[in-house]
Structures are given as C-alpha cells and as structure tokens.
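Observations on chain architecture
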Amino acid sequence: MEFLRPASWQEALAAKAEHPSAVPIAGGTDVMVEINFDHRRPDHLLDLNRIGELEEWETGEDTVRLGASVPYSKIMAGLRRELPGLALASHTVASPQIRNRGGVGGNLGTASPAGDAHPALLAGGAAVEAESVRGSRLIPIDDFYTGVKRNALAPDELIRAVHLKKASGPQQFSKVGTRNAMVIAVCAFGIALHPDTRTVRTGIGSAAPTPVRARTAEEFLAAALDEAGLWESRKAVPPAVAKQFAVLVAAAANPIDDVRGTAAYRRHALGVMARRTLGWTWEQYRGHGSEQGSTSCA
Ligand SMILES: Cc1cc2nc3c(=O)[nH]c(=O)nc-3n(C[C@H](O)[C@H](O)[C@H](O)COP(=O)(O)OP(=O)(O)OC[C@H]3O[C@@H](n4cnc5c(N)ncnc54)[C@H](O)[C@@H]3O)c2cc1C
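Residues numbered from 1 in each chain as written. Predicted model: local features only at pLDDT ≥ 70, side-chain atom pairs only at ≥ 80, totals over all residues. Heavy atoms only, no water.

1. Observations regarding the overall build of the chain
Tallying secondary structure elements over the chain gives 11 helices and 14 strands in all. Computed over C-alpha atoms, the radius of gyration of the chain comes to 19 Å, within 12% of the 19 Å expected from 2.2 N^0.38 for 298 residues, which places it in the range of a compact globule. Residues counted as buried form 53% of the 298 residues belonging to the chain. Carbon and sulfur atoms provide 51% of the accessible area of the chain, an area that totals close to 13,300 Å². For the chain, the centre of its 33 positive side-chain charges and the centre of its 32 negative side-chain charges are spaced 6 Å apart. (Helix = DSSP H or I, 4+ residues; strand = E, 2+ residues; numbered from the N terminus. Rg over C-alpha atoms; globule rule 2.2 N^0.38 Å. Buried < 20%, exposed > 50% of the residue type's maximum accessible area, 1.4 Å probe, protein only. Areas by Shrake-Rupley, 256 points an atom, 1.4 Å probe, with all protein chains shown as cover. Lys, Arg positive; Asp, Glu negative; His and termini not counted. Charge placed at Lys NZ, Arg CZ, Asp CG, Glu CD.)

2. A few points about the site of the ligand
The environment of the ligand is made up of 33 residues, and the closest members are P24, A26, T29, D30 and Y72. At 2.5 Å from an oxygen atom of the ligand is found a main-chain nitrogen or oxygen belonging to P24. Against a free-state accessible area of 980 Å², the protein chains account for coverage of 88% of the ligand. Among the elements that take part in the shell around the ligand, helix α6 (residues 104-110) stands out by supplying 4 residues, more than any other. Residue classes in the shell around the ligand are distributed as 17 nonpolar, 11 polar and 5 charged. There are two domains that each give the shell around the ligand at least three residues, and those are domain 1 (2-46 + 56-165) and domain 2 (171-292). (Near = heavy atom within 4 Å. Polar contact = N/O pair within 3.5 Å; in protein donor to acceptor, adjacent residues only side chain to side chain. Nonpolar A, V, L, I, M, F, W, Y, C, P; charged D, E, K, R; others polar. Domains from an automatic or database assignment.)

3. Topic: the domain arrangement of the chain
On domain assignment, one finds that the chain holds domain 1 (2-46 + 56-165) and domain 2 (171-292). In this structure, domain 1 and domain 2 have C-alpha centres spaced 24 Å apart. Carbon and sulfur atoms supply 60% of the area that domain 1 and domain 2 bury against each other, a total of about 2,100 Å² over both sides. Remark: the boundary between domain 1 and domain 2 carries 5 salt bridges. Across the pair D142 and R215 runs a salt bridge, and its minimum N-O distance is 3.6 Å. (Buried area = accessible area lost by both parts, 1.4 Å probe. Salt bridge = Lys/Arg side-chain N within 4 Å of Asp/Glu carboxyl O.)

Next comes the structure, spelled out in structure tokens:
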C-alpha cells in the first residue's frame, strides 16, 4: 500500500487524478476500521492531514463554508449558534476521542445511512463542494446520497467543504441508540425551521437505504403553520398537527429489521422523535425552551 501525503489541496487533487482509486483519509475513524478488519486494502491511501484549510471554516453574512475535515468537537464548540442542528448531531457522535478526529467530510465519504451528520445536513439544506483537477461543483445534499454507502462523488473528486445557510430558526436533532454514547444510531431525526422562507426541512437517519427527507411531512407542516398564521402569532402547534406530522415522518422511512432494531420499532421511534423535536423547535421559536437535543436509549 502506497501512502500519498500531499502538502496542498492542489497536490491532493493531482494525486487523486493520477490515482482515482486512492482512498482519502482524514480523521481515519472509518478508514482505519475498514483496513484493520481487512474489509478494504487500497493500493493508495491519500492522507489529507497536511492540508490545513480542510480543518477551517469561513462564515459569511448568511452562510458557513465548513472545511471537510473540521472535527466534530470544533463544530460543537465554535458553530453552535450558526449551525445548531449539526452541532447537536456532533454531540452524539461516538466519544470525545472520535469527535476530535472525525468530521463531516468523512461522514459524507462513507455515506452510511447511520451517519449522524446526515439528518442535520438534509434539514439544513447543505451543499457539498466537490473538486477535481477538472473543476469544482456544488452538489445539493438531496442529490448526494445515491445508495447504501454510495455517494455522488466522481472517482477523481474530493470533498473540499460543505456549505450551509446560517440557521434562521431553531434546529433540533434526536438519535435513538442502545445506549447513550459510542453507539450507531438505531434511527435518528433532524428538523430545521426556516422562518425566513416559511419552510420546514427534515432528515431521517438509519431508517432507509440512504439518509432521506420526509418531504410530505415537511410540506404538510409548513402549510398547516401558514394556514393558521402560526409563524406570525407564534401560538402553540395544535396537537393534531403535531400528530399528523409524526405519522408522515414515520411513513417517509423505509427501514429494515436488523441487529440494532426492527423496522416497526424504527418507524415508531421516528414518529416519537418527530413530535418531540417539533415541540422543542417550536417552543424555541416562541421564545421558550432550551437548545438541548437528545440521544435516547432504545
Ligand atoms: C468507535 C467508533 C464510533 C463511531 N461512532 C459514530 C457515531 O456515533 N456516529 C457517526 O456518524 N459515526 C460514527 N463513527 C464513524 C466515523 O467516526 C464518522 O463517520 C466520521 O465522520 C468519519 O470521519 P473521518 O474524518 O474519520 O473519516 P475517514 O475515516 O478519514 O474517511 C471516511 C470516508 O470518507 C472518505 N473521505 C474522507 N475525507 C474525504 C474528502 N475530503 N473527500 C472525499 N472523501 C473523503 C474516506 O476515503 C473514507 O471513505 C464511529 C467510528 C468509530 C471508530
């Protein structure tokens, strides 16, 4: 196995163009597990750790451009206000050691349906900045996940950054696992209220072949909030609306039975998380409530 250590982004792109099957390694918290278990034996590893810009972020007036390798611990500490959903999701990843190494670029590279960043990225309306020697493009997050552990990157492309709009309203994330830390999600749910556009976006994790949005639920809720004038009045969401939102979120999932949980349990848990996170975000929008997300034991 050859170990490539580019010193700059341009060198990394050139190396990926020359060796399209080279496996990028950032924090290594997924890659090294695969190599240690002999699930993968690449000819080339492409180490991105000398490229400092991948661990930085830039905040514009309305957006954040998050370097692919910014570790979860820095997202939690530095981007809580701008990206509350992603910060809450970062809190639930593994352990402090993994959160100091792993980042969103690696979660996207692996594209596991159980990756914790995905529901927050879907709810936040992210775009993935992918680049190769041929040029750069922004991939809307809705188009990024193409199958189980598959993504839209071309063989010669690398993820440079993720673009997200700064939160214009409350965001929440909830995850169910078999214990409260160091756990792969049985299922997870992210929600973002976007009062500026009077829209709601969601993300479901670990309950379909890819991370998915609950689009019908989003449309139903946005219409219900609009029709009742709740964005303006900030009155409580009627229980019947919250209940129907939960039903539609559960229906958007396409889960399987596996060692972590049954399909029926996942659908049930998603409905519960949808109702709860809607309650938390709406209370925040009304000026009450805390920013705390949750991890629950199954
Ligand atoms: C003990 C343990 C517990 C874990 N718990 C969780 C958890 O609770 N939740 C969770 O979501 N994940 C968990 N993970 C998985 C892992 O930590 C995350 O997926 C993390 O985000 C990976 O980031 P990384 O930088 O370490 O990626 P790496 O391992 O370096 O890379 C992961 C994949 O992304 C690719 N890649 C990395 N950077 C780029 C780039 N810039 N461009 C293109 N491709 C790239 C790599 O080639 C590889 O395919 C856990 C892992 C371990 C070992």
